[in-house]
Amino acid sequence: PQLLSDFVCAVLLCAAVVQTKPTLRKERVHHEPELSRQAHEDNKSFQYDHEAFLGKEEAKTFDQLTPEESKDRLGKIVDRIDSDADGYITTAELKAWIKRVQKRYVYENVDNKISWDEYKQCSIKVLHSYYKTCTNPEEFEDATDQFSFKKMLPRDERRFKSADLNGDLAADREEFTAFLHPEEFEHMKDIVVLETLEDIDKNGDGHVDEDEYIADMFAHEDGGPEPDWVKTEREQFSDFRDLNKDGKMDQDEIRHWIMPQDYDHAQAEARHLVYESDQDKDQMLTKEEILENWNMFVGSQATNYGEDLTRNHDEL
């Protein structure tokens, strides 16, 4: 296939550079990005539900619609959520929809597929000339002190091949999204763990000891006493990170640290929406029940907390 244009190449590469460079300190632990930031408020405000059901940007778009337009578009969404077309929306179907919405990180410049060779040539061709327009130069330089771009391409190739489920060395939209956001895809989580280990394991023994764990989040430059929060992190390492108490973290312990499985936000939100809208208490929703309680799922101008937006969005 014909090589991507310089502009598209730069867009894809800038996005990938941000995602594939080592995770900076204090950003190791992965949470669901939009659903974990705030707790449910009372039923006087449904903004949390709107953002969970639609995604943050699309929720703002709905805030600009009239109630009639909002309900009309919601009806079309309900038809898409009803995956088995039986006329009922189950908690599982709602959960699947919410997870799909929260993973909507598709880059519109990827029209069909991008091959590994195309991506690699993009990297070589435009990396140094475009990086300053893609990220903060100071942050970029700080990151490259720890991670040379000679190591980036082999690491990218390993991640690209893991995302390439059909093995054709070309990433479609879903596969390229998995490449850019591996922490959100189950089949990519081993790669996230391995990359985290490689970032922190400075002595190359295949484990993360307490000093390496602390060094990843605190640079002891002045020789003075450690702050209290660092002492707390040392206790966290001993009590909760090093599960087998051998003085270091292996890959299983790193996975437990950076990908906690403590709470399924999508499941909780789906149950909440069903509970609040299920008029006949059969634990399923009909389109009529959803439209009757439409303002919990989507907003409109009548909700009074929309913003003045000029950006157009395609209909979901």
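Residues numbered from 1 in each chain as written. Predicted model: local features only at pLDDT ≥ 70, side-chain atom pairs only at ≥ 80, totals over all residues. Heavy atoms only, no water.

A. Focus on the side chain of S277. Looking at the secondary structure, you find S277 in helix α14 (residues 265-277). With relative accessibility at 1%, the residue S277 sits in the buried group. (Helix = DSSP H or I, 4+ residues; strand = E, 2+ residues; numbered from the N terminus. Buried < 20%, exposed > 50% of the residue type's maximum accessible area, 1.4 Å probe, protein only.)

B. Looking closely at the UniProt feature "domain: EF-hand" (unreviewed entry) in the protein chain. Following the UniProt record, one finds the feature "domain: EF-hand" (unreviewed entry) at residues 69-104 and 188-223. Between the C-alpha atoms that bound residues 188-223 the distance is 39 Å, and the span itself is 50% helix and 6% strand. (UniProt positions renumbered as here; feature names shortened; annotations may be inferred.)

C. Representation of the nonpolar core. If you look at the biggest cluster of nonpolar residues, it comprises 25 residues, and the most contacted ones within it are F53, L74, L94, F297 and V298. Of all the elements in the fold, those that place two or more residues in this core are α2 (47-54), α3 (56-62), α4 (67-81), α5 (91-102), α14 and α16 (294-297). In this view, L74 contacts F53, F62, I290, L291, W294, F297 and V298; residues no more than four positions away in its chain are not counted. Of all hydrophobic cores here, the second largest spans 16 residues; its members include V192, I214, M217 and W257. (Core = buried A, V, L, I, M, F, W, Y, C linked by side-chain atoms within 4.5 Å. Contact = heavy atoms within 4.5 Å.)

D. Highlighting the pattern of salt bridges. Here the structure, examined in full by the defined rule, presents 16 salt bridges. Two residues, E195 and R159, come together in a salt bridge whose shortest N-O distance is 2.6 Å. One end of the pair, E195, is in helix α10 (residues 189-200); the other, R159, is in helix α8 (residues 149-163), and 36 residues separate them in sequence. Each member of the pair, E195 as well as R159, carries the same accessibility label: buried. (Salt bridge = Lys/Arg side-chain N within 4 Å of Asp/Glu carboxyl O.)

E. Spotlight on the side chain of R155. Take R155: it is sitting in helix α8. One polar contact links R155 to D199, side chain to side chain, over a distance of 2.8 Å. (Polar contact = N/O pair within 3.5 Å; in protein donor to acceptor, adjacent residues only side chain to side chain.)

F. Geometry of α4. The terminal C-alpha atoms of α4, which comprises 15 residues, lie 21 Å apart, in line with the 21 Å expected from a rise of 1.5 Å per residue. For α4, the complete set of buried residues consists of S70, R73, L74, G75, I77, V78 and I81. Where the residues of α4 are buried, they touch α2, α3, α5, α15 (287-292) and α16. (Expected span 1.5 Å × (residues − 1).)

G. Representation of unusual backbone geometry within the structure. Not every positive phi belongs to a glycine, and K245 is a case in point at roughly 60 degrees. Inspection of the secondary structure puts K245 in the loop between α12 (228-241) and β4 (248-249). Even without being a glycine, Q283 presents a positive backbone phi close to 65 degrees. Among the structural elements, Q283 can be located in the loop between α14 and α15. Overall, the relative accessible area of 63% leaves Q283 in the exposed class.

H. Up close: the packing of α2 against α5. Contact geometry for α2 and α5: axes closest at 6 Å, N-to-C directions at 80 degrees. When the axes of α2 and α5 are compared, the pair comes out roughly perpendicular. Contact with α2, carried on its side by E51, A52, F53 and L54, involves L94, W97, I98, V101 and Q102 of α5 and no other residues of that element. Tallied by class, the residues present in the contact of α2 with α5 amount to seven nonpolar, one polar and one charged. (Axes fitted to C-alpha atoms, helices over the stretch in contact; angles between N-to-C directions. Parallel < 35°, antiparallel > 145°, perpendicular 65-115°, else oblique. Nonpolar A, V, L, I, M, F, W, Y, C, P; charged D, E, K, R; others polar.)

I. Spatial organisation of the confidence of the model for the protein chain. Of all residues in the protein chain, 70% attain a pLDDT of 70 or more, and the chain-wide mean is 78. Across residues 105-109, where pLDDT falls below 50, the model places 15 contacts with residues more than four positions away in sequence or in other chains. Per-residue pLDDT stays below 50 along residues 303-316; that stretch engages in 29 contacts with residues further than four places along the chain or on separate chains. (pLDDT = per-residue confidence, 0-100.)

J. Region of the structure containing the packing of aromatic side chains. Using the criterion set out here, one finds 12 aromatic pairs in the structure. For the pair Y213 and W257, a centre-to-centre distance of 5.2 Å together with 65 degrees between the ring planes defines the contact as edge-to-face. With Y213 in helix α11 (residues 210-215) and W257 in helix α13 (residues 251-258), the pair connects residues that are 44 residues apart, well separated along the chain. Neither residue differs from the other here; Y213 and W257 are each classed as buried. Through a chain of ring-to-ring contacts, three or more aromatic side chains come together here, namely W116, Y119, F160, F176 and F179. The ring of Y275 is capped by K281, whose NZ or CZ atom sits 5.0 Å from the centre of that ring. (Phe/Tyr/Trp six-rings, centres within 6.5 Å; stacked < 30°, edge-to-face > 60°. Lys NZ or Arg CZ within 6 Å of the ring centre and 35° of its normal.)

K. Molecular detail of the environment of K231. Among the structural elements, K231 can be located in helix α12. When the C-alpha positions of K231 and I214 are compared, they lie 9.4 Å apart, and in sequence the two are 17 residues distant.

L. The environment of H187, seen in detail. Relative to the helices and strands, H187 resides in the loop between α9 (173-180) and α10. As a C-alpha pair, H187 and L165 span 22 residues in sequence and 9.0 Å in three-dimensional space. Dropping the residues within four chain positions of it, H187 is found in contact with S162, A163, L165 and A178.

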